[in-house]
Amino acid sequence: MAIKDYIRQRYFPQMWCPGCGHGTILNALLRAVDELGLDKNSIVMTSGIGCSARISGYVDFHSLHTLHGRALAFATGVKLSKPELKLLVPMGDGDALAIGGNHFIHAARRNIDITAIIMNNRIYGMTGGQYSPLSGPGKKASTAPYTTIDNQFDVVNLSIAAGASFVARSTTYHVLECVDILKRAIQHKGFSVVEILSQCPTHYGRKNKEGDAVQMLEFQKKTTAKLGSKALENDPTLIPRGVFVDIDAPEYCEEYDKIMKRAMKETLQKEPLKNFGNQANQTCDMA
Amino acid sequence: MTDNIKTDENVIKTNNIKFVQGNEACVEGALYAGINFFAGYPITPSTEIAELLSKRLPEKGGKFIQMEDEIASMCAIIGASLTGHKVMTATSGPGFSLKQEALGYACMAEIPCVVVDVQRGGPSTGNPTHVSQGDIYQARWGTHGDHAIIALTASNHQDVFEITVDAFNLAETYRTPVILLFDEVIGHMREKLVIPEQGKLPIVDRLRTSVKKGVDYHPYLPREDGRLPMSDFGGEHRYNVTGLFHDMWGFPSNNPKVVRELLHHLIDKIDNNAHAITRYKEHYLEGAEYVLISYGSSARSAIHLAKNRRERGEKVGVLELQSIWPFPEALVREKCANAKAVIVVEMNMGQVMKEVKACVDNPSKVFLANRIDNKLITPTNIKTLLRMIQGRGV
Ligand SMILES: Cc1ncc(C[n+]2csc(CCOP(=O)(O)OP(=O)(O)O)c2C)c(N)n1
Ligand code: SF4
């Protein structure tokens, strides 16, 4: 299908600033979905609050635009109640890892089959350029006029430590790589995290003198390198890109299915008559 | 002897008589109503609800999940409701505070769900194992912004069961969160419960859209009767759900007309149906000169006292509220019209009393019999005040 078949044209033009990286991520995500040939009815996109989170309004999937930081908690309810659905959860860096940090590590710990996409522009775009837990020290932000002193999370290490079974990183400069990684993440069974370094020229770029969108994209090209590449070997200060973890691990909804089977079997053995009464009267379309 | 031969029917009947805690009665009510998803976080005195459902839900093919906190629990049930399931969470004061932002989301996005608050002493961590009824206003105004809410309560386990079924029904009917305000005494006390046969109590199922695949579906366009048929996530209609003000497609809008009309709709759908939502019981109320208004466990003491006074020929009766929000103004005004005095019996600083004062013809005849020391108010506590009002010495 054409990309336009995946968007709600009624709501365009979108609200992002010219040069914002978030549109590129939307594009990459839709291409990944298209190349995988997924049925639009089988996809639920859940997002929180932020410039990034607005992505869910533009896609022609089931979309749930929720509260700041809580997208993964909503997504967990959707997924566990209807495991056949594919859950895509794009989040801003503040959304995912400041206010939503607890939900993030717990979703990873459960290894529930959800694809989390962290649109990391290192700043709170929507509220006007305050620093985020991914800004790192020495950065300027509207709440850090003298520069930040907070350390940043390393999303990849954090995700691995928390139990995510697929962890990857790319940037908005490397769009084709993004499409590839997103395809793998979506197909992966379990909690997958894709960090995509994005640019907010309006706030981060301006405050930190990183120039316009094109210069910021150049910066992403210059400061990152592919996992296993010569460039990375020669210069370990570069930020590695690629797939860091891709393992098979028990998935939460599948494990819960086993619990249900055990629970049903035990009640059938213990209270056959009563259980029969219940079965007759209640629809259980959740299995 | 032949009477004692157990037919299948008899076995089921005895199975249906239980000696349970109020929290268990709530669980039985939820199962009867068709709950199939629960998310929660342990907190006294509500924890038994989560524990029991962790066992009972998977037995019938439903899902239970213990989330990382109460915020996440509230969010998860909203997500599960959108896939077409009947959902509930349960908590107490501190956890209820954490749920407020997402509760407002459920009001705004019109998501059917049931939220149980088994009240304990507060504010803050307060007194986890003791009783209070201090969350009346938190249930009403805990989440920010103008909105309407339904909150129900009960004073005995049979009623806990039935009001829980009712809560699910109202949540579906009005596409709204419904709060069940129980309290520690009700939650933990043991009492007899008879579970009605399936079909005895009405069950309201999800109203789903009849709009066909490929035809434009408007998730937020109310029908003439104000109801909004839903479409399950994963179904044929793909639409947007948001906590922002939104148009009939669910897409964010800041058009003043859209904003005004949506807010009116959210409030009117409940407030204009207050008469249909109002639940109450009368005890010895016929011709009462002294009307006690109470709810939850404190109503038990009020009823006890009224019975005792009637036996002595005093005209004392009880109006037991089973719905607190929307506040049953018309009912209270009517039942108090001829009273010499109205005594609101509750375990807080007069949260319902303020509502009663606001709606009766003569607020100066409204008094408060309360306890706020985390102990159940006794009939004697109420009697002391009653006798003072009657001018009869304590
Ligand atoms: C509970 C709550 N706190 C704060 C806000 C205000 N707020 C909205 S978006 C946002 C930060 C957005 O930054 P990020 O998640 O990094 O996304 P971006 O806008 O940069 O894409 C904040 C703090 C809110 N909406 N809700
Ligand atoms: S403020 Fe920044 S993040 Fe938000 S749309 Fe503009 S460029 Fe993008």
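Refer to the preceding data block for the structure.
The structure contained in this document is the topic of the report that follows.

Basis of the calculations
Residues numbered from 1 in each chain as written. Chains lettered and ligands numbered in written order. Predicted model: local features only at pLDDT ≥ 70, side-chain atom pairs only at ≥ 80, totals over all residues. Heavy atoms only, no water. Helix = DSSP H or I, 4+ residues; strand = E, 2+ residues; numbered from the N terminus. Buried < 20%, exposed > 50% of the residue type's maximum accessible area, 1.4 Å probe, protein only. Contact = heavy atoms within 4.5 Å. Areas by Shrake-Rupley, 256 points an atom, 1.4 Å probe, with all protein chains shown as cover. Lys, Arg positive; Asp, Glu negative; His and termini not counted. Charge placed at Lys NZ, Arg CZ, Asp CG, Glu CD. Buried area = accessible area lost by both parts, 1.4 Å probe. Salt bridge = Lys/Arg side-chain N within 4 Å of Asp/Glu carboxyl O. Polar contact = N/O pair within 3.5 Å; in protein donor to acceptor, adjacent residues only side chain to side chain. Nonpolar A, V, L, I, M, F, W, Y, C, P; charged D, E, K, R; others polar. Pairing = 2+ DSSP bridges. Axes fitted to C-alpha atoms, helices over the stretch in contact; angles between N-to-C directions.

### Details of the overall build of chain A
Along the backbone of chain A there are 12 helices and 10 strands. With the C-alpha coordinates aligned to their principal axes, the bounding extent of chain A is approximately 75 × 45 × 35 Å. The burial tally for chain A puts 56% of its 287 residues in the buried class. At a minimum sequence separation of 6, the contacts of chain A that also span at least 24 residues come to 67%. Here chain A has roughly 12,100 Å² of accessible surface; of this, 55% comes from carbon and sulfur atoms. Where the 33 positive side-chain charges of chain A centre and where its 28 negative ones centre are 4 Å apart.

### Remarks on the interface of chain A and chain B
If you look at the interface, chain A gives 51 residues, while chain B gives 52 residues. For the chain A and chain B pair, buried surface summed over both sides reaches about 4,500 Å², with 58% attributable to carbon and sulfur atoms. At the surface where chain A touches chain B, the tally comes to three salt bridges. At the surface where chain A touches chain B, the tally comes to 19 residue pairs in polar contact (both at pLDDT 80 or more). The element contributing the most residues to the side of chain A that touches chain B is helix H11 (residues 252-270) of chain A, with eight residues. Of the residues that constitute the side of chain A that touches chain B, the class distribution is 22 nonpolar, 18 polar and 11 charged. Summarising the sheet, strand S2 (residues 62-65) of chain A and strand S9 (residues 240-242) of chain B pair through three bridges and their orientation is parallel. When the bridges of S9(B) are listed, A:Leu64 appears paired with B:Val241.

### Some details on the sheet that holds strand S11 (residues 290-294) of chain B
Residue and element names in this part refer to chain B. Pairing is mixed in the open sheet, where five strands are placed in the order S10-S12-S11-S14-S15. The open sheet terminates on both sides in strands that have one partner only, identified here as strand S10 (280-283) and strand S15 (366-370). Strand after strand, the sheet turns through a mean of 20 degrees between neighbouring axes, direction not considered. In this sheet, strand S12 (residues 316-321) lies alongside S10 in antiparallel orientation, the contact comprising four bridges. Bridged to glutamate 282 within S12 is leucine 319. The strands touched by helix H13 (residues 351-359) are S11, S12, strand S14 (341-346) and S15; relative to S14, the strand with the most contacts, the crossing angle is about 155 degrees.

In short, geometric facts, not functional conclusions.
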